[in-house]
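# Structure assessment
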Amino acid sequence: MRIFSGIQPTGTKHLGNYIGAIRQYVEGQERAHAAGDDALFCVVDLHAITVAYDPAELRTRLYDTTAVLLAAGLDPAKCILFRQSDVPHHAELTWLLSSVVPNGRLARMHQFRDKSAAQRELVSAGLLFYPVLMAADVLAYRADEVPVGEDQREHLELMRDAARDVNRRFAPELGSGEGGERGLLIVPEQRTPPVGARIMDLQDPARKMSTSSGSVEGTVYVLDEGKALEKKFKRAVTDSENEIRFDRAEKPGVSNLLEILAASRRTTIDEAVASMADARGYGDLKVAALEAVDAELAPLRERYAELRPDETALEAALATGAARATEIAGEVLSDVREAMGVGVPRGVSVPGRG
Ligand code: AQP
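Residues numbered from 1 in each chain as written. Predicted model: local features only at pLDDT ≥ 70, side-chain atom pairs only at ≥ 80, totals over all residues. Heavy atoms only, no water.

## Concerning the packing of helix H9 (residues 226-234) against helix H12 (residues 282-307)
Packing of H9 against H12 brings their axes to within 10 Å, and their N-to-C directions diverge by 145°. Considering the relative orientation of H9 and H12, their crossing is right-handed. On the side of H9, the interface is formed by Leu229, Glu230, Phe233 and Lys234, while H12 contributes Lys286, Val287, Ala289, Leu290, Val293, Asp294 and Arg301. (Axes fitted to C-alpha atoms, helices over the stretch in contact; angles between N-to-C directions. Helix = DSSP H or I, 4+ residues; strand = E, 2+ residues; numbered from the N terminus. Left-handed = near helix turned anticlockwise from the far one by under 90°. Contact = heavy atoms within 4.5 Å.)

So, in structure tokens, the structure goes:
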């Protein structure tokens, strides 16, 4: 079982990223390591350039995100942690996959429609191609499992279809790539956490907590602490009743706080609800969620403060990962090129080429 996931070096990572993705990475790293398998985690800088961005800030954010991942528990001795642009095979496979991905489907993707509407000057071709690059990220490693939040479902479906289409069209004799069958590419499974797969904005619990479209007051950043953190929870939007129960449709704000409480304490939602049986009101729920989040994130904050200043060490960690990732992706790309009839055929020696 090989695990792959990517995360953008955009903004400051928030509680949704942490619970939906980063914490699953650490769990996946441990599981893969124990089984002698690979877990790959990639800081996807090429994805971040699909919307307006500042080059100098991108570099800073890349180190911020790398330090957050290490502070959360990723260990380069147990996993392969690298920067996407250090492995050129992602971009090459994107182009190869573009031959099977329908343009109309890309234009209908929710993220493309939402993000293109938010662009002031340019809707880049890269934004349209974002899901193909994401498919290439995962398929280049023949990963079986992709730990992500619930919001990535549509991207996962496109990726799975791309793998199926490549297998069917270019290498049917190698197998389907799913249901335990090998194939030229593997059709990967999405893995979302049982609790916290979609953390909502504290100010607008109908919308997911988000880097680009959320409210600052409703977005809990992993490095928030003290009064700033407290204020966000105390001002969280609830409802006009006084009953603490889990009901996403009728009580989105309270349900989101319960989900955050359960995820942070690593319990079930039922246990979180039961723990609030003696609460005097929503104030107690907010304090409980705040304390649970603070306790969960405190070690990460401390470790981040130690790791972030040493950019040379962060580069060294990424370089180790990139070397190993390049080996794996290089083998897969060589198979894909061969199956697709691109490049020098296998077994043909060309004078002057290694
Ligand atoms: N609200 C969320 N709840 C649970 N999981 C979430 N993820 C994102 N939001 C939530 C998961 O975080 C991972 C990283 O996502 P990304 O690389 O897209 O990083 P980002 O740009 O910082 O994340 P956002 O907030 O999702 O950006 P927007 O909304 O601006 O596009 C993914 O696994 C994602 O599922």
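## Let's talk about the domain arrangement of the protein
With domains assigned, the protein is organised as domain 1 (3-193 + 310-340) and domain 2 (226-307). For domain 1 and domain 2, the distance between their C-alpha centroids amounts to 31 Å. At the interface, twelve residues of domain 1 touch eleven residues of domain 2. Buried area between domain 1 and domain 2, both sides added, is near 1,000 Å², and the carbon and sulfur share of it is 69%. Where domain 1 touches domain 2, the interface holds one salt bridge. With a shortest N-O distance of 3.3 Å, Arg23 and Glu296 are connected by a salt bridge. (Domains from an automatic or database assignment. Buried area = accessible area lost by both parts, 1.4 Å probe. Salt bridge = Lys/Arg side-chain N within 4 Å of Asp/Glu carboxyl O.)

## Comments concerning the packing of aromatic side chains
Summed over all chains, the structure comprises four aromatic pairs. On the basis of an interplanar angle of 20° and a centroid distance of 4.7 Å, the ring pair of Tyr25 and Phe41 is categorised as stacked. Residue Tyr25 is found in helix H1 (residues 15-35), and its partner Phe41 is found in strand E2 (residues 39-43); the two are separated by 16 residues along the sequence. You'll find Tyr25 and Phe41 in the same group, each marked buried. One aromatic cluster is present, built from ring pairs that chain together Phe4, Phe82 and Tyr141. (Phe/Tyr/Trp six-rings, centres within 6.5 Å; stacked < 30°, edge-to-face > 60°. Buried < 20%, exposed > 50% of the residue type's maximum accessible area, 1.4 Å probe, protein only.)

## Considerations on the nonpolar core
Residues Leu15 and Phe233 are the most contacted members of the largest nonpolar core, which totals 56 residues. Each of domain 1 (3-193 + 310-340) and domain 2 (226-307) gives at least three residues to this core. When sequence neighbours within four positions are dropped, the list of residues in contact with Phe233 reads Leu202, Val220, Leu257, Ile260, Lys286, Ala289, Leu290 and Val293. Counting residues in hydrophobic clusters, the runner-up holds 48 residues, among them Leu106, Val132, Met134 and Met340. (Core = buried A, V, L, I, M, F, W, Y, C linked by side-chain atoms within 4.5 Å.)

## Focus on the environment of Leu96
Here Leu96 is to be found in helix H4 (residues 89-97). The class of Leu96 is buried, set by a relative accessible area of 8%. Taking the C-alpha atoms as reference, Leu96 lies 31 Å from Ala197; in sequence the two are 101 residues apart. The residues contacting Leu96, other than those within four sequence positions of it, are Leu333, Val336, Met340 and Val342.

## Considerations on unusual backbone geometry
Across residues other than glycine, the phi torsion is negative in most instances, and most of the peptide bonds are trans. Look at Arg142: it is not a glycine, yet its phi comes out positive at around 50°. For Arg142, the location among the structural elements is in the loop between helix H7 (125-139) and strand E4 (145-147). Unlike most non-glycine residues, Arg266 shows phi in positive territory, near 60°. Its location among the elements puts Arg266 in the loop between helix H10 (252-265) and helix H11 (269-275). Assessed through its relative accessible area of 55%, Arg266 is described here as exposed.

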